[in-house]
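Tertiary structure, described
These are the residues of each chain, in order.
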Amino acid sequence: MRTLITFQNKRIPVYFNQDNKQPMQKTLKLLSNTLENKISSGKRALQKCLNSLISIEIIGCEAILHSVSENDSLALSLY
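Since we're looking at a predicted model, the values are computed, not measured.

Some points on the overall build of the protein
The helix and strand inventory of the protein stands at 2 helices and 5 strands. Secondary structure elements of the protein, listed N to C terminal, follow the sequence β-β-α-α-β-β-β. What you see for the protein is a C-alpha radius of gyration of 12 Å, in line with the 12 Å of a compact globule of 79 residues. In terms of principal-axis extent, the alpha carbons of the protein reach across some 30 × 20 × 20 Å. About 5100 Å² of surface is accessible on the protein, with carbon and sulfur atoms providing 50% of the total.

Spelled out as structure tokens, the structure:
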């Protein structure tokens, strides 16, 4: 399943698998809060990934952040 979120004035697609146990709205709220916290207080590698973010994939309790460069892609725990 796919939905869009707004992050840094960009529309970012978020992909879910059907096996997620948490409600989608709760997961999206956690994701948005985590991304906002990390863009302001995260390490440089994480900020670089967030600045070039193109999509997010939610697998269980992890968010896989895909950036323009594959080398900058990261996994982020939501819980």
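Some details on the pattern of salt bridges
With the rule as written, the count across this model stands at 1 salt bridge. For aspartate 72, the salt bridge goes to lysine 48, with nearest N and O atoms at 3.9 Å. Here lysine 48 lies in helix 2 (residues 44-51) and aspartate 72 lies in the loop between strand 4 (62-67) and strand 5 (74-77), a separation of 24 residues in the sequence.

Some words on the side chain of threonine 34
Checked against the element boundaries, threonine 34 lands in helix 1 (residues 24-41). The exposure class of threonine 34 is buried, given its relative accessible area of 15%. Of note is the side chain of threonine 34, whose polar atom sits 2.7 Å from the backbone oxygen of leucine 30. Non-local contacts of threonine 34, meaning those with residues more than four positions away in its chain, are made with Leu76 and Leu78.

So, the environment of leucine 76
Summarising the element assignment, leucine 76 is placed in strand 5. Using a relative accessible area of 10% as the deciding quantity, one classes leucine 76 as buried. Counting along the chain gives 14 residues from leucine 76 to glutamate 62, while the straight-line C-alpha distance between them is 5.6 Å. Those residues in contact with leucine 76, other than ones at most four positions away along the chain, are Thr34, Leu35, Lys38, Cys61, Glu62, Ala63 and Leu65.

Quick notes on the rules
- Sequence order as written defines residue numbering, which begins from 1 separately in each chain.
- Owing to the predicted nature of the model, reporting of local features is limited to residues with pLDDT of at least 70; listing and counting of side-chain atom pairs is limited to 80 or more, with chain, interface and lining totals taken over all residues.
- The basis for the side-chain values is all heavy atoms of the structure; hydrogens and waters are excluded.
- Helix numbers and strand numbers start at the N terminus; a helix is a DSSP run of H or I with at least 4 residues, a strand a run of E with at least 2.
- Radius of gyration here uses only the C-alpha atoms, and the compact-globule reference equals 2.2 Å multiplied by the residue count raised to the power 0.38.
- Only the protein chains shown count as cover for residues, with accessible areas throughout obtained via the Shrake-Rupley method and a probe of 1.4 Å.
- A side-chain nitrogen of Lys or Arg and a carboxyl oxygen of Asp or Glu constitute a salt bridge if their distance falls within 4 Å.
- Exposure is judged per residue with a 1.4 Å probe applied to protein chains only, and the accessible area is read against the type maximum: over 50% gives exposed, under 20% gives buried, and values in between give partly exposed.
- Definition of a polar contact: a pair of N or O atoms within 3.5 Å, with one able to donate and the other able to accept a hydrogen when the atoms are protein atoms, and with sequence-neighbouring residues admitted only if both atoms are side-chain atoms.
- In this analysis, two residues are considered to be in contact whenever any of their non-hydrogen atoms come within 4.5 Å of each other.

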